[in-house]
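Overview (structure and organization)
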Protein chains: 2
Amino acid sequence: MPAPSTMTVREAAESCRAIRTFVQQEVPEDDLREILRQTRLAPSPDNFQPWRFVVVRDSELRARMLPAELNQHQVASAQALIVLYADMEDVLANVDEMIHPGFDEAGRAKVRAAFTRRFGAQSKKERGNYAHGLAYVALGYLLLAAESMGYQTSPTLEFKPEEIKTVLGLPAHVTIPALVAIGKGAEPGFPHHRHSVERIARFV
Amino acid sequence: MPAPSTMTVREAAESCRAIRTFVQQEVPEDDLREILRQTRLAPSPDNFQPWRFVVVRDSELRARMLPAELNQHQVASAQALIVLYADMEDVLANVDEMIHPGFDEAGRAKVRAAFTRRFGAQSKKERGNYAHGLAYVALGYLLLAAESMGYQTSPTLEFKPEEIKTVLGLPAHVTIPALVAIGKGAEPGFPHHRHSVERIARFV
């Protein structure tokens, strides 16, 4: 049984902060699977779900990845690392998988044709950028899911994606929106410093 | 007092689905502010928080926006619409605001210089794209925060951003990652159809 989700969304958002040092204790695979089970529920246009994951716990592999992670302390300290990548070519090659079973065959054909027409007309780079941005919705889900289950995280966007792809054997066309170090935090992290709602929102 | 956050992250992720029809009932401003208060806690590199919001409830304005929203039924049906936009120029013009107060002056100067050097060297379009993608982390937070407070949402990426910007008087350089219709759902929405964890994740 994986750890239960115990925090409300508000509690998780309020307590979630970037952690620099993690307790040296293994993160059970069941818990990591449950975090991804919740993460994958994130919505996407046409349900295209561009997010893919490699969960790295093998210490030899982690050591080989470290230079590509710029030897960041918080990444090295975590017992598990979730590589969030986006694979629009996989999406496009398997459009049928994403179409809701509630559609009848005519409906499926319509969605399939529209999606294939729209993205087939774009370059790999262009549609890859689109998928890359959308994958951050899943990152928001992932961070809150982990926090609510009693884990802490440290996401980073500072790394050498090409080298990470080489070490993990990922296809050249994928992009990596983020790496997420995960474990039990060994420190509380800094309090939030955020803009006020008044600073960033207008009500009309 | 805004509505409390009552669902755990898991419950919110499991129950959150795109809603097509909303109850015709006003969404209190207090609740919308509380949703954004939680949303703004989303993390970003260097804490740069590129997300900005316009919450539109005025019926005359909503009517004027509808053609730019491609007259989508679910958008028209909702009593409130949250326009999520990204403004990297605002970030870059106000770097000091984002730097954590825990930094001393030397630390602040270092962050300020590195950030300004990195993004100042990019075109508005390039750094705008970066901010646009990152803003989707906040979208993930927003959807879960709303759900946990008893609201339902329908995010859309299908609209005419330039026209929305014109109607709302937003600067030309901003981008709009998503519109989010929000209210009390008048229907349960379709059950989730998502890839299995096994399909999208590898454990090594």
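Calculation notes
- Residues numbered from 1 in each chain as written.
- Chains lettered and ligands numbered in written order.
- Predicted model: local features only at pLDDT ≥ 70, side-chain atom pairs only at ≥ 80, totals over all residues.
- Heavy atoms only, no water.
- Least-squares fit on C-alpha atoms with pLDDT ≥ 70 in both.
- Contact = heavy atoms within 4.5 Å.
- pLDDT = per-residue confidence, 0-100.
- Buried area = accessible area lost by both parts, 1.4 Å probe.
- Salt bridge = Lys/Arg side-chain N within 4 Å of Asp/Glu carboxyl O.
- Polar contact = N/O pair within 3.5 Å; in protein donor to acceptor, adjacent residues only side chain to side chain.
- Helix = DSSP H or I, 4+ residues; strand = E, 2+ residues; numbered from the N terminus.
- Nonpolar A, V, L, I, M, F, W, Y, C, P; charged D, E, K, R; others polar.
- Pairing = 2+ DSSP bridges.
- Phe/Tyr/Trp six-rings, centres within 6.5 Å; stacked < 30°, edge-to-face > 60°.
- Buried < 20%, exposed > 50% of the residue type's maximum accessible area, 1.4 Å probe, protein only.
- Lys NZ or Arg CZ within 6 Å of the ring centre and 35° of its normal.

As a further point, take the relation of the copies chain B and chain A. For the pair of chain copies, the relating operation is a rotation around an axis with a shift along it. If you rotate chain B by 180° and push it 0.0 Å along the axis, it lands on chain A with an RMSD of 0.0 Å. In the structure described here, the two chain copies are related by an operation that fits a two-fold rotation axis. A share of 100% of interface residues in chain B that are also interface residues in chain A marks the association as one of identical surfaces.

All right, on to the confidence of the model for chain A then. If pLDDT is low for a region, its predicted coordinates should not be looked at in detail. Overall, the predicted model of chain A reaches an average pLDDT of 95, with 100% of residues at or above 70. For this predicted complex, the interface confidence reaches an ipTM of 0.97, while the overall pTM sits at 0.97.

At the interface, 72 residues of chain B touch 72 residues of chain A. The largest share of the area that chain B buries against chain A comes from His193, Arg194 and Phe203 of chain B, three residues that together contribute 12% of it. Where chain B touches chain A, the interface holds 12 salt bridges. Of the charged contacts in the structure, one is a salt bridge between Glu198 of chain B and Arg33 of chain A, with a shortest N-O distance of 3.2 Å. For the interface between chain B and chain A, the tally reads 50 residue pairs in polar contact (both at pLDDT 80 or more). Taken together, the elements giving at least two residues each to the side of chain B that touches chain A come down to α1 (9-15), α2 (29-39), β1 (51-56), α6 (95-98), α8 (124-148), α10 (197-200) and β5 (201-203) of chain B. The greatest single-element share of the side of chain B that touches chain A, amounting to 12 residues, is contributed by α8 of chain B. Across the side of chain B that touches chain A, the residue classes tally to 39 nonpolar, 15 polar and 18 charged. Strand direction decides the pairing type here: strand β1 (residues 51-56) of chain A and β5 of chain B, joined by 3 bridges, are parallel. Counterpart to Val55 of chain A in the pairing with β5 of chain B is Phe203 of chain B.

The next subject is the packing of aromatic side chains. Within this structure, the stated rule accounts for 10 aromatic pairs over all chains. Note on Phe48 of chain A and Phe115 of chain A: the rings are 6.0 Å apart at their centroids and 50° apart in plane angle, and the pair reads as tilted. Note that Phe48 of chain A is positioned in the loop between α2 (29-39) and β1 and Phe115 of chain A in helix α7 (residues 105-120), a separation of 67 residues in sequence. For Phe48 of chain A, a relative accessible area of 1% gives the class buried. In this structure Phe115 of chain A comes out as buried when scored by relative accessible area, which is 3%. Plain terms: the ring middles of Phe48 of chain A and Phe119 of chain A are 6.4 Å apart, the flat faces sit at 10° to each other, and that makes the pair stacked. In this pair, Phe48 of chain A sits in the loop between α2 and β1 while Phe119 of chain A sits in helix α7, placing the two residues 71 residues apart along the sequence. For the pair shown, Phe48 of chain A and Phe119 of chain A are each scored as buried. Taken together through their ring pairs, the aromatic side chains of Phe48, Phe115, Phe119 and Tyr130 of chain A make up a single cluster. Lying across the ring of Tyr130 of chain B, Arg118 of chain B places its NZ or CZ 5.1 Å from the centre. Above the face of the Tyr151 of chain B ring, Lys184 of chain B is positioned so that its terminal group lies 4.4 Å from the ring centre.

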